[in-house]
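Fold and contact review
Residues per chain, in single letters:
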Amino acid sequence: MRKPLLLLVLAALAYLLFWPTPLRPVAWQPGPLPDASGVWAPNARLDAAVLEQAGLPGPDTVVVDAEGRRYSGIGDGRIVRWRAGEAPQTFVQLAGRPVGMNFAGNGDLYAADEANAQIWRITPQGQAEVVVQSSAQQRFTFLNDVFLARDGRLFFSEASSRWGLADNKLALLEHGGDGKVFVRHPDGRIEQLLDGLEFANGVVLAPDESYLLVAETGAYRITRLWLSGPRTGQREVLVDNLPGFPGDLSIAPDGSYWCSFFSPRKRVLDALGPWPFARQVAARLPRALLTKPVVYPYVFRFDAQGQVRETLQASARANLPSFSSVVQHGNELLLGSPGGVGEIDSDRAYRVRL
C-alpha cells in the first residue's frame, strides 16, 4: 500500500507544481495593514441600519431618481424600483446582470452588465438598449461601473480584461493590472483613459468634473486621473493602503466621496503578494480552497485631498451583510449588497440615517 500512496502524493505534488495554469501572477508588495485606530477605530454606527428590501438576489447598487424612487439591479436580470416603505416593482427585465448604475441628467438610467460585458441605457419609460458592447476594435470582458458627465460622456470601468465574473477571485490572485477605465463620447466613440489598474471597480467624476476617481479593489486604493486644468492626463494615488477591498464610489452632498468595503484584506493574500510562483500553486487548488471574502459591513467617506473623514462600521450582533455600494440621499445612506461574488452574496438592501 505504501507504493500507491507514494505515487499518489508525487502525482499531487507534480500537479500543484507543474500543471499548466492560465494564471500569470505579478509580484507586488502590499503595504502594512493599517491599525484599527484613529479614523479606522471600530464603531457600531451601522448597527442602526434599517432593512430597505429583502429577497432581492444581490441588489448590488441602489440609486435614486429625481422623484425619490430607489432602483437596483439584481441577479435575475431585472432592475427593480420602489419608494421608501413600499414593495419593489419590476422596472425593466434585461438579459444580463446589471450592477453599477447611474442616472444621466435627462433621467436615463445607465447600468453596467457584468455578465455580458456591456452597458445598457434605460429610458424613464423602461425602454432598454445596449450602448456599449464588444466590437472588432475593442473587446470587453468584465464591465463594472458607470458614471455620466453633464455633457453626455459615459465613463465606465472594466475590472479585468482577462477574467470574467466567475473568475473574480483569480483576477485578484493574479494581480495582473489588466483593469481599465473608458469613456464613451456622445458620438459613440470609445476611448481608453486608464489601464494597468488592479480590478477597476467604482468610478465617479469630481463635482466639477475636473478629475475622475476609480477604486482599485485589488490594490486597496483609490486612483485619480485629472481630466482638465494644468494637470490634465496625470494620474495619482489619492487614497492608499486601505484596510479592505474597496468597491463602489459615490459623491456626498458636500463634494466628498463615499466608498464601500465588501471584504477585509486577507493576510494570506497579502503574504503571497511578492511570490508569483506560490500564487500559481494556489491557483491549481480546488476553488473551494482559495482564500474567501468574509462579511464586512463597513463604509467610509474621504475628501479631495485623500483624507478619510469618517467610517461607519457594524458590530457582529447587527447581523448585516457586506455592502457593495453606498449612496447618500438626503441625510440617509442607501446600501446595496453583493451578488455573484460567492461567499458574501446577500439579498438585502439597507438604509441608515446619518
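In the nomenclature of an unreviewed UniProt entry, the chain corresponds to SMP-30/gluconolactonase/LRE family protein from the organism Zestomonas insulae.

**With respect to the packing of aromatic side chains**
The final tally for this structure, using the stated rule, is 21 aromatic pairs. Arranged with centres 5.8 Å apart and planes meeting at 65°, the rings of Trp 40 and Phe 300 form a pair that is edge-to-face. Pair noted here: Trp 40 is in the loop between α1 (2-18) and β1 (50-53) and Phe 300 is in strand β20 (residues 298-302), with a separation of 260 residues, a long-range link. As far as the burial class goes, Trp 40 and Phe 300 line up, both buried. Following the ring pairs from residue to residue traces out a cluster consisting of Trp 40, Tyr 211, Trp 226, Tyr 257, Phe 261, Tyr 296, Tyr 298, Phe 300 and Phe 302. Above the face of the Tyr 211 ring, Arg 224 is positioned so that its terminal group lies 4.7 Å from the ring centre.

**Comments concerning the UniProt feature "domain: SMP-30/Gluconolactonase/LRE-like region" (unreviewed entry) in the chain**
Under the feature "domain: SMP-30/Gluconolactonase/LRE-like region" (unreviewed entry), the UniProt entry names residues 73-263. As a span, residues 73-263 carries 4% helix and 50% strand, and end to end its C-alpha atoms are 21 Å apart.

**Considering the environment of Ala 95**
For Ala 95, the position within the fold is in the loop between β5 (89-93) and β6 (98-103). For the pair formed by Ala 95 and Ile 79, sequence separation is 16 residues and the distance between their alpha carbons is 11 Å. Ignoring sequence-local partners within four residues, the contact set of Ala 95 consists of Asp 113, Asn 116, Gln 118 and Trp 120.

Parameters at a glance
Residues numbered from 1 in each chain as written. Predicted model: local features only at pLDDT ≥ 70, side-chain atom pairs only at ≥ 80, totals over all residues. Heavy atoms only, no water. Phe/Tyr/Trp six-rings, centres within 6.5 Å; stacked < 30°, edge-to-face > 60°. Helix = DSSP H or I, 4+ residues; strand = E, 2+ residues; numbered from the N terminus. Buried < 20%, exposed > 50% of the residue type's maximum accessible area, 1.4 Å probe, protein only. Lys NZ or Arg CZ within 6 Å of the ring centre and 35° of its normal. UniProt positions renumbered as here; feature names shortened; annotations may be inferred. Contact = heavy atoms within 4.5 Å.

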